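Working through the structure, step by step
So you can see what is in the structure, the chains are spelled out below.
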Amino acid sequence: MAVVNMPITTHMSLKIQTGVNISGFPVYKTVSYNSIKPDAADADIYAVGAGLASLQSNPVAGINRTNVNSLVNQ
């Protein structure tokens, strides 16, 4: 019995610093972009994220990729 990893979808998210709290620690907001093709290259997703980051009025602290997979027992 082999378990196969089947890609379903990919999500990209931007972690945006929206300000600071009373203690002076940064406050973040996450903006997600769903339904990205799972076979998209990391460099391409980063390039799109960087382009979207340049349009933000607040600083972007990170560009993240999340893959959603299904494990199938064959």
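A short tour of the structure in this document, coming up. (Residues numbered from 1 in each chain as written. Predicted model: local features only at pLDDT ≥ 70, side-chain atom pairs only at ≥ 80, totals over all residues. Heavy atoms only, no water.)

Notes on the environment of N64
Looking at where N64 falls in the secondary structure, it is placed in strand 3 (residues 60-73). By relative accessible area, which is 38% here, N64 ends up partly exposed. Sequence spacing of N64 and K15 is 49 residues, and the spatial spacing of their C-alpha atoms is 7.9 Å. Not counting residues within four places of it along the chain, the set of residues in contact with N64 comprises H11, M12 and S13. (Helix = DSSP H or I, 4+ residues; strand = E, 2+ residues; numbered from the N terminus. Buried < 20%, exposed > 50% of the residue type's maximum accessible area, 1.4 Å probe, protein only. Contact = heavy atoms within 4.5 Å.)

Let's talk about the sheet that holds strand 1 (residues 3-20)
One open sheet accounts for three strands, arranged 2-1-3; its pairing is antiparallel. This sheet does not close on itself; its edge strands, each paired only once, are strand 2 (26-36) and strand 3. Geometrically, the sheet is characterised by an average inter-axis angle of 25° between neighbouring strands, direction not taken into account. Across 13 bridges, strand 1 lies against strand 3 in antiparallel orientation. Residue pairing across strands places M12 opposite R65, the latter belonging to strand 3. In this fold helix 1 (residues 42-54) packs onto strand 1, strand 2 and strand 3, with an angle of close to 25° to the strand it touches most, strand 1. (Pairing = 2+ DSSP bridges. Axes fitted to C-alpha atoms, helices over the stretch in contact; angles between N-to-C directions.)

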